[in-house]
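Now for the letters of each chain:
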Amino acid sequence: MSQAEQVEAAVRVFLDDAGLEWELGGRPGELVVTLPGDKKLRTVCSLVVTEQSLSVSAFVVRNPDENHEAVYRYLLRRNLRLPGLAYAVDKTGDVYVTGRVPLAGVDAAYLDQILGVLLDAADGAFNELLALGFLESMKKEWAWRVSRGESTRNLQAFAHLLEPSGGQPDGEQPNGGEASGEGPDGERPDDAETGGSVPTAGSTGRSGSAAS
């Protein structure tokens with residue numbers, strides 16, 4: 001058995017022992033793991049074992065609608081506190097968190113640490129990224145829901161920003177509670193006017209797989 005095969009087998013044992021949901025991915029040596037979230041319902045990450053290394057990646061949030069400079073500044077600051085991982089953007093502007101380690105460094109302790117760091121990077125920063133990069137879309141959705149008497153439950157973490165007297169995010173806020181729930185049926189203002197739905201915690205924030 002090669003070193004890569006040994007590491008992949010060890011990763012499978014770790015995921016099973018930890019009780020995490022996982023499945024085989026579309027690439028050789030890829031395991032797709034679903035981590036339960038707090039601000040997001042879930043974070044889906046990709047673990048890919050190659051002959052030399054283990055790569056880890058997870059989708060964080062789609063390309064912001066606005067305020068890109070502040071979003072990127074916030075991500076770069078958080079990069080300083082991410083051991084073994086870093087935020088990155090793909091060619092479409094979507095935000096990921098990613099890292100790579102030599103196979104010799106992969107063991108149960110490393111996997112436990114890196115998945116914890118990855119979950120915090122994707123889930124812990126989610127509300128702040130929404131407030132920085134999607135505030136105008138959320139304001140439109142809030143106003144639309146209020147005008148129709150629809151529930152605003154999945155936007156409650158941002159109520160202090162979305163109500164008419166709300167302020168502007170400063171890059172480190174809000175630290176509010178979990179946003180949850182699904183949007184109403186039918187066309188929404190953010191769909192019609194910005195070309196996409198607000199990636200609140202009622203979804204993973206992206207259509208399709210969150211791993212890449």
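For clarity, every value in this text was computed on a predicted model and none was experimentally measured.

**What about the nonpolar core?**
Among the nonpolar cores identified, the biggest contains 52 residues, and Leu54, Tyr87 and Val97 are the most heavily contacted of them. Counting residues per element, this core draws most heavily on helix α3 (residues 108-124), at eight residues. Leave out the neighbours within four places in its chain, and Val97 touches Val56, Ser57, Ala58, Val60, Leu82, Leu85, Ala86, Tyr87, Leu118 and Ala121.

**Section: the packing of aromatic side chains**
Tallying each qualifying case throughout the model produces one aromatic pair. Ring geometry for Phe59 and Tyr96: centres 5.5 Å apart, planes at 75°, overall edge-to-face. Taken as a pair, Phe59 in strand β4 (residues 53-61) and Tyr96 in strand β6 (residues 95-102) lie far apart in primary sequence, 37 residues in all. No difference in accessibility class separates Phe59 from Tyr96, as the two residues are buried.

**Concerning the pairing of β4**
The side chains of a regular strand alternate between the sheet's two faces. Counting buried residues in β4 gives nine out of nine residues, a clear majority hidden from the surface. Where strand β3 (residues 42-49) lies against β4, five bridges are found, and the strand directions are antiparallel. Looking at the pairing, Val48 lines up with Ser55 of β4. Joining the antiparallel neighbours β3 and β4 is a turn of three residues. By the bridge criterion, eight bridges tie β4 to β6 in an arrangement that is antiparallel. Among the inter-strand pairings, Leu54 is bridged to a residue of β6, identified as Val101.

**Some words on the pairing of β3**
Most of β3 sits inside the fold, with seven of its eight residues counted as buried. Pairing of strand β2 (residues 30-36) with β3 involves seven bridges; the strand directions are antiparallel. Among the inter-strand pairings, Glu30 is bridged to a residue of β3, identified as Val48. Where β2 folds back on β3, the antiparallel hairpin that results is connected by five residues.

**Section: the environment of Val60**
With respect to the secondary-structure elements, Val60 resides in strand β4. Between the alpha carbons of Val60 and Thr43 there is a distance of 8.0 Å; along the sequence they are 17 residues apart. In this view, Val60 contacts Lys40, Tyr87, Val95, Tyr96, Val97, Ala121, Ala122, Phe126 and Leu129; residues no more than four positions away in its chain are not counted.

**Description of the sheet that holds β6**
Read from one edge of the open sheet, six strands run β1-β2-β3-β4-β6-β5, paired in antiparallel fashion. Each having just a single partner strand, β1 (21-24) and β5 (86-89) make up the two edges of the open sheet. Averaged over neighbouring strand pairs, the angle between their axes works out to 25° when direction is ignored. Against the sheet, α3 contacts β2, β3, β4, β5 and β6, and its axis sits at roughly 20° relative to β4.

**Some details on the environment of Ser53**
Structurally, Ser53 is set in strand β4. For Ser53, a relative accessible area of 8% translates into the label buried. Between the alpha carbons of Ser53 and Leu103 there is a distance of 4.7 Å; along the sequence they are 50 residues apart. Once you skip the residues sitting within four places of it in the chain, Ser53 turns out to touch Val48, Arg100, Val101, Pro102 and Leu103. A distance of 3.4 Å separates the side chain of Ser53 from the side chain of Arg100, its partner in a polar contact.

The rules behind the values
Residues numbered from 1 in each chain as written. Predicted model: local features only at pLDDT ≥ 70, side-chain atom pairs only at ≥ 80, totals over all residues. Heavy atoms only, no water. Core = buried A, V, L, I, M, F, W, Y, C linked by side-chain atoms within 4.5 Å. Buried < 20%, exposed > 50% of the residue type's maximum accessible area, 1.4 Å probe, protein only. Helix = DSSP H or I, 4+ residues; strand = E, 2+ residues; numbered from the N terminus. Contact = heavy atoms within 4.5 Å. Phe/Tyr/Trp six-rings, centres within 6.5 Å; stacked < 30°, edge-to-face > 60°. Pairing = 2+ DSSP bridges. Axes fitted to C-alpha atoms, helices over the stretch in contact; angles between N-to-C directions. Polar contact = N/O pair within 3.5 Å; in protein donor to acceptor, adjacent residues only side chain to side chain.

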